[in-house]
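# Geometric and topological summary
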Amino acid sequence: MTLALLQLLAMKSAGVGIGIFVGTLIGLGLRKQKGKTEGLLAGSVVLTALVAGALGMAVMMTMTYFGMN
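### Details of the environment of Met68
In this structure, Met68 sits in helix H2 (residues 45-68). Relative accessible area serves as the criterion here: at 43%, Met68 is assigned to the partly exposed category.

Next comes the structure, spelled out in structure tokens:
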């Protein structure tokens, strides 16, 4: 896979990753305020949201790649 293709896939998938990050950040932030902290990575809302956003972006990049072929 060339660098240009990887950049194209990242640009096409960035919105999905950012959307999942922001949504997870808000949802888990509200959940943590209520005292429910189970399921958080290292007890951190930001870290958990970052991982969720990265995974969502990776899935979207994969779907876009296979859709191009």
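Right, picking up where we left off after that structure.
### Structural notes on helix H1 (residues 3-33)
Residues spaced three or four apart along an α-helix face the same direction, because each turn holds 3.6 residues. Compared with the 45 Å implied by 1.5 Å per residue over 31 residues, the 42 Å span of H1 between its first and last C-alpha is a close match. Bending of H1 peaks at approximately 45 degrees at the position of Ser13. Tucked into the core, H1 has its buried residues touching H2. Phi turns positive one or two residues past the end of H1, at Gly35, with a value near 95 degrees.

### What to know about a nonpolar patch on the surface
On the surface, Leu41, Leu47, Leu50, Val51 and Leu55 cluster together into a nonpolar patch covering about 420 Å² of accessible area. Along the chain, Leu47 falls in helix H2.

### Overview of unusual backbone geometry
The phi dihedral of Ala42 falls on the positive side, at around 55 degrees, and the residue is not glycine. Mapping Ala42 onto the fold places it in the loop between H1 and H2.

Analysis parameters
- Residues numbered from 1 in each chain as written.
- Predicted model: local features only at pLDDT ≥ 70, side-chain atom pairs only at ≥ 80, totals over all residues.
- Heavy atoms only, no water.
- Helix = DSSP H or I, 4+ residues; strand = E, 2+ residues; numbered from the N terminus.
- Buried < 20%, exposed > 50% of the residue type's maximum accessible area, 1.4 Å probe, protein only.
- Expected span 1.5 Å × (residues − 1).
- Bend = angle between axes of the 7 residues up to and from the residue.
- Contact = heavy atoms within 4.5 Å.
- Patch = residues over 30% accessible without salt bridge, like charges linked within 9 Å, V, L, I, M, F, W, Y side chains within 5 Å.
- Areas by Shrake-Rupley, 256 points an atom, 1.4 Å probe, with all protein chains shown as cover.
- Salt bridge = Lys/Arg side-chain N within 4 Å of Asp/Glu carboxyl O.

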